[in-house]
Amino acid sequence: MADCSTHQTAGQSGTPLLQLDNVSVNYGKFRALTDVSYKIYPGQIVALLGGNASGKSTSMKTISGTTTVTAGEIFWKGELITREPTPARMARGIGVVPEGRRMFASLTVLENLQLGAWAGSKGSATSDDIAEMLDLFPPLKNLVNRPSGVLSGGEQQMVAFARALIRHPELVIMDEPSMGLAPALVKRVFEIIEEIKSRKIAVFIVEQNARAALRVADYAYVLAAGQVVLEGTPDVVATAPMMTEAYLGKRS
Amino acid sequence: MQFFATQLLNGLTAGVVYAMLAVGYSLVYGILQQINFAHGYVYMFGTFVTASLITSGSPLWLAIAAGLVAGAVIAIVIERFAYRPVRGNRLAPTVTAVGVGLIIENVAQLIWTSRIRPMPFPFQADIIRLGPVVLSPLQILVAAVGLAMAALLWVISTKTDLGRAMRAVKDDLATAELMGVPVDRVVVTVYVLGALFGVVGGILYGAYYNTLSVTMGFSGTLNAFTATVIGGIGSVWGAFAGGLFLGVLQAMVTGYVSSALLNTVTFTLLIAFLLFRPTGIAGVQVASRP
């Protein structure tokens, strides 16, 4: 397992933006996460990789506060937030791009964006915020008054990104943002992630598409059966024998 | 024709009251898929607070305000202690709702006894003649308040952060929480809004009919629930339409057939809608593509 110094050289030093410290999560008798520790530094892209049922989604729920931690602690900029409810955590500066996009289907694109700004520092979205998001995602310009439920998957994914970014978060957590999208749109998704990084916003991304995630990431964790089995910079992770066999496919 | 017009007016007046009550069901059902059977009792209690204050000589505005506050406070307490702990469970909130409703009715009986009491209100003795049609100023008041409340609901739901949040929670409660929406607070607000609409309806009812009884909690529950189902449960505009429809229908049955048939007609309608058109007149389903 790579040590912490690798993490620091890849990203930043000092206090992590978000830190999970030996977190375990049980669902009844089933242990979904065991002693998992993650660190995400400001402006860093951190990828979380792993197969089905490896604990990726539980990790996301642990960060957003929608599942209860059995043991361990969670820190935001060094402050303990383990028991903090979801809306308060989000208000600290976390944006979420949920798995399956999860549109508010009967709300228009504009209303989805306004909702996204709820937990922002200003409380609700200004017209500048809306304009900024429409500049970032030009295809949404003609769709602002359309109910988001009738949009295509790619359009919905853009709404999901804009909804997470409009509150100017310091960290965006993304659960499988490329899932179910056509290859051209998957490419666009990863371009957007790099765009987000260029704005000094940290990203914690869960992805099945390990190769694409490692291309944009500064650091990566690999989960298996609820435990971190490998971590390090993308080079380290990509060349680890277990990764090339399990996720990336053997290359000649 | 004159008789028809008079019955139509009576029906529309009752319909507005049903609509006020039905909105409370629809707001709550729309968000939590829970049928809030305690709602009818909350409206009864608030109305009784207003009526007893009027009887004891309080200024009208104070009596109305106290009734509204009582309804809101009861709604908050019920939500916190009877509903929130069992939220997400399909059956439990319905059972706790019925239980809480009976408790409210018993408390009301202890305070006000079960006798029928009047509710003095301005204009009760006045009439207005419009050609052959006889109108009460209170009918105009009922219609005006009904329209104003509908307008208020429309503004809240489409123009405010709260309204957006209510619709977002209705679409996807878990994701609303992820967006930082304080879901618990939104849910409490929905119960309070429902209670306020109900108490307004109850006060209009008391003012117009000048007769109240603690059993109106139960009959209010049944009529308003039927109105909600007719209109399409979960749709607040459907609740208005269903309330007006049921009010007019009952007035026609009373006027042209017999008031003894009222419950039969009401429940036949309820069952027919549940069987053949469970989404009601306005039941809308929003398609969502993955």
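Residues numbered from 1 in each chain as written. Chains lettered and ligands numbered in written order. Predicted model: local features only at pLDDT ≥ 70, side-chain atom pairs only at ≥ 80, totals over all residues.

Let's hear about the packing of helix 5 (residues 137-159) of chain B against helix 8 (residues 183-209) of chain B: which residues, and what values?
Residue and element names in this part refer to chain B. The geometry of helix 5 relative to helix 8 is characterised by a closest axis approach of 10 Å and an angle of 170° between their N-to-C directions. It follows from the interaxial angle that helix 5 and helix 8 lie roughly antiparallel. Counted together, Leu 138, Val 142, Val 145 and Met 149 of helix 5 and Phe 197, Val 200, Leu 204, Ala 207 and Tyr 208 of helix 8 form the full contact between these two elements. (Axes fitted to C-alpha atoms, helices over the stretch in contact; angles between N-to-C directions. Helix = DSSP H or I, 4+ residues; strand = E, 2+ residues; numbered from the N terminus. Parallel < 35°, antiparallel > 145°, perpendicular 65-115°, else oblique. Contact = placed C-beta atoms within 7 Å.)

An account of the UniProt feature "transmembrane region" (unreviewed entry) in chain B is needed here, citing residue identities and associated values.
All names here are of chain B. Under the UniProt annotation, "transmembrane region" (unreviewed entry) lies at residues 12-32, 37-54, 60-79, 91-112, 132-156, 186-208, 228-249 and 256-276. Segment residues 37-54 splits into 89% helix and 0% strand. End C-alpha atoms: 28 Å apart. Helix makes up 82% of residues 228-249 and strand 0%. Its end C-alpha atoms lie 15 Å apart. (UniProt positions renumbered as here; feature names shortened; annotations may be inferred.)

Run through the pairing of strand 1 (residues 18-27) of chain A, naming residues and quoting values.
Residues and elements named next belong to chain A. In terms of strand pairing, strand 1 meets strand 2 (residues 30-40) through seven bridges, oriented antiparallel. Its bridge partner lying in strand 2, Leu 18 is registered against Ile 40. As consecutive antiparallel partners, strand 1 and strand 2 are separated by two residues, and within that stretch Gly 28 has a phi angle of approximately 60°, a positive value. Pairing of strand 1 with strand 4 (residues 71-76), which is carried by five bridges, proceeds in the antiparallel orientation. In the sheet register, Leu 20 faces strand 4, and the bridge partner there is Ile 74. (Pairing = 2+ DSSP bridges.)

So what about the interface of chain B and chain A? Which residues, and what values?
Contact residues are listed per partner, giving 20 residues for chain B and 28 residues for chain A. Among the elements of the structure, helix 6 (161-171) and helix 7 (173-178) of chain B are those that each provide at least two residues to the side of chain B that touches chain A. With six residues, the top contributor of residues to the side of chain B that touches chain A is helix 6 of chain B. Considered class by class, the residues forming the side of chain B that touches chain A number ten nonpolar, three polar and seven charged. (Nonpolar A, V, L, I, M, F, W, Y, C, P; charged D, E, K, R; others polar.)

With reference to specific residues and values, describe helix 9 (residues 216-231) of chain B.
Residue and element names in this part refer to chain B. Between its terminal C-alpha atoms helix 9 stretches 22 Å, which fits the 22 Å expected from 16 residues at 1.5 Å a residue. Counted residue by residue, helix 9 has 13 buried out of 16 residues, so it is predominantly covered. One or two positions beyond helix 9, positive phi appears at Gly 232, with a value near 110°. (Expected span 1.5 Å × (residues − 1). Buried ≥ 20, exposed ≤ 12 C-beta atoms within 10 Å, placed from the backbone.)

Give a detailed account of unusual backbone geometry, specifying residues and quantitative values.
Even without being a glycine, Arg102(A) presents a positive backbone phi close to 45°. Secondary-structure assignment places Arg102(A) in the loop between strand 6 (94-97) and helix 4 (109-116). Under the C-beta neighbour-count criterion, Arg102(A) is labelled buried, with 21 such atoms within 10 Å. The backbone of Gln33(B) shows a phi angle near 50°, a positive value even though the residue is not glycine. Mapped onto the fold, Gln33(B) is located in the loop between helix 1 (2-32) and helix 2 (39-55). Judged by the 13 C-beta atoms lying within 10 Å of it, Gln33(B) falls in the partly exposed class.

So what's going on with the packing of helix 1 of chain B against helix 8 of chain B? Residues and values would help.
All names here are of chain B. In the contact formed by helix 1 and helix 8, the axes pass within 8 Å of each other and the chain directions differ by 170°. As the angle between them shows, helix 1 and helix 8 are arranged roughly antiparallel. Class assignment for the residues of the contact of helix 1 with helix 8 results in 19 nonpolar, five polar and no charged.

So what's going on with the pairing of strand 3 (residues 45-50) of chain A? Which residues, and what values?
All names here are of chain A. Along strand 3, six of the six residues are buried, which leaves the element largely enclosed by surrounding structure. Residues Ile 45, Ala 47 and Leu 49 of strand 3 are buried on one face, and the alternating residues Val 46, Leu 48 and Gly 50, pointing to the opposite face, are buried as well. As paired elements, strand 3 and strand 8 (residues 202-206) share four bridges and run parallel to each other. Within strand 8, the residue paired with Ala 47 across the bridge is Ile 205. Both strand 3 and strand 9 (residues 219-224) contribute to a ladder of five bridges, which runs parallel. Residue pairing across strands places Gly 50 opposite Leu 223, the latter belonging to strand 9.

Give me the lowdown on the sheet that holds strand 8 of chain A, citing residues and values where you can.
By way of backbone hydrogen bonds, the strands of a sheet pair with one another, either parallel or antiparallel. All names here are of chain A. In space, the six strands of this open sheet follow the order 6-7-8-3-9-10, with mixed pairing throughout. For this open sheet the edge positions go to strand 6 and strand 10 (227-232), each flanked by a neighbour on one side alone. Across the sheet, the mean angle from the axis of one strand to that of its neighbour is 15°, orientation sign disregarded. Where helix 2 (residues 56-64) meets the sheet, it contacts strand 3, strand 6, strand 7 (171-175), strand 8 and strand 9, and its direction lies at approximately 145° from that of strand 7. Sitting on the sheet, helix 7 (residues 183-198) is in contact with strand 3, strand 7 and strand 8, with an inclination near 150° to strand 8.

Which residues make up the confidence of the model for chain A, and what are the values?
All names here are of chain A. Taken over all residues, the pLDDT of chain A has a mean of 87, while the share at 70 or more is 90%. Confidence, expressed as mean pLDDT per element, reaches its minimum in chain A at helix 1 (residues 4-10) with 49 and its maximum at strand 4 with 96. Segment residues 1-5 is flagged for pLDDT under 50; beyond a separation of four residues in sequence, or across chains, it makes five contacts in the model. (pLDDT = per-residue confidence, 0-100.)

Describe the sheet that holds strand 2 of chain A, naming the residues involved and giving the relevant values.
Residues and elements named next belong to chain A. Taken together, the four strands give an open sheet; going across it, the order is 2-1-4-5, and neighbouring strands pair in antiparallel fashion. Each of the sheet's edge strands pairs with one partner strand only, and the pair in question is strand 2 and strand 5 (79-80). As paired elements, strand 4 and strand 5 share two bridges and run antiparallel to each other. Looking across to strand 5, one finds that Phe 75 is bridged to Leu 80.

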